[in-house]
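Listed below are the residues making up each chain.
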There are 2 protein chains.
Amino acid sequence: MTSNETIRPGEAATALPDRTDAGVYFIGHIRTPWPTRELCPRRGDPEGPECRIEIDPRWVEALEGLASNPRIQVLYWMHEARRDLVVQITRRSGQRIGTFALRSPVRPNPTASSVVELVAVEGTTVTVRGLDCLDGTPLIDLKPARD
Amino acid sequence: MTSNETIRPGEAATALPDRTDAGVYFIGHIRTPWPTRELCPRRGDPEGPECRIEIDPRWVEALEGLASNPRIQVLYWMHEARRDLVVQITRRSGQRIGTFALRSPVRPNPTASSVVELVAVEGTTVTVRGLDCLDGTPLIDLKPARD
């Protein structure tokens, strides 16, 4: 694992398992206006800028019928985050808190889920509003939002 | 990939990539009353039975502070599902539809997310109501639900 993050005083790491248990395919990438984590909004805004989800052509047929959903769930992989912290010190309040009590990207599996407004499905491009992730984030799933 | 499922007439598969792009750790397992997919409810009921999420002791410190959240998001891995179908025929209506327009477990990355009611956090056990997954499902993440 590579990481550009350091542990802050009070934070705790665990030893990661020797190996992973299953594999994820990156099925596309998400293009957003935010090139660094510091510039990302704290949470997505349904009236925020349009973002483009570019699907690998291998999966294009799987988009059939998606356009009829006004809102979709986007699952993605926060590929820049370290994975071994169990206790974190929050940047805002300096509070000590367990990783599973946070929505921080730093977690054993850096998976995230956002429910967003669907704007259009055209070819291999799905345009949405309401994301808050880094430009270039790997996509792992798309599905209709729960109604 | 092993699979106990066959393709139905009208369904379409794609060639899976030669390798995966990232690895998932199973951080625990979910115990539910449903031993087969056929017996699982179609969707979780917040007043349904209590289910126990058993966390690997390696991650127990990461539960600190979780108990203050009335609702949490549970991400899990639907480990029995095949991953190569791009078009599916729904069992109920016989409709042809793309994988990303369905919430079926059959998808390139069998990730699922449920928002559930938190009942208790005790040691390595998190008790919740509202899940609909198979007994023994691998857990990949826990986090506070979006408010």
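Residues numbered from 1 in each chain as written. Chains lettered and ligands numbered in written order. Predicted model: local features only at pLDDT ≥ 70, side-chain atom pairs only at ≥ 80, totals over all residues. Heavy atoms only, no water.

S.K.: Can you lay out the overall build of chain A for me, pointing to particular residues and giving the numbers?
M.R.: Looking only at helices and strands, chain A has zero helices and ten strands in total. Seen along its three principal axes, the alpha-carbon backbone of chain A occupies a region of about 50 × 35 × 30 Å. Classification of the 147 residues of chain A by burial places 52% in the buried group. In the structure as shown, chain A presents an accessible area of about 6,900 Å², 46% of it carried by carbon and sulfur atoms. When the 19 basic and 20 acidic side-chain charges of chain A are each reduced to a single mean position, those positions are 7 Å apart. (Helix = DSSP H or I, 4+ residues; strand = E, 2+ residues; numbered from the N terminus. Buried < 20%, exposed > 50% of the residue type's maximum accessible area, 1.4 Å probe, protein only. Areas by Shrake-Rupley, 256 points an atom, 1.4 Å probe, with all protein chains shown as cover. Lys, Arg positive; Asp, Glu negative; His and termini not counted. Charge placed at Lys NZ, Arg CZ, Asp CG, Glu CD.)

S.K.: Give me the lowdown on the environment of V24 of chain A, citing residues and values where you can.
M.R.: Residue placement: V24 of chain A occurs in strand β2 (residues 22-24). Distance from V24 of chain A to T137 of chain A, taken between C-alpha atoms, is 14 Å for residues 113 residues apart in sequence. Apart from the residues lying within four places of it in its own chain, the contact partners of V24 of chain A are W77 and I140 of chain A together with T20, D21, A22, V24, W77, R83 and N109 of chain B. (Contact = heavy atoms within 4.5 Å.)

S.K.: So what's going on with the relation of the copies chain B and chain A? Which residues, and what values?
M.R.: Relative to chain A, chain B is turned by 180° and slid 0.0 Å along the rotation axis, the superposed coordinates differing by an RMSD of 0.0 Å. The transformation just described matches what one would write down for a two-fold rotation axis. No C-alpha of chain B lies nearer the rotation axis than that of G23 of chain B, which sits 2.3 Å from it. Mapped onto chain A, 100% of the interface residues of chain B again fall at the interface, so both copies present the same surface. (Least-squares fit on C-alpha atoms with pLDDT ≥ 70 in both.)

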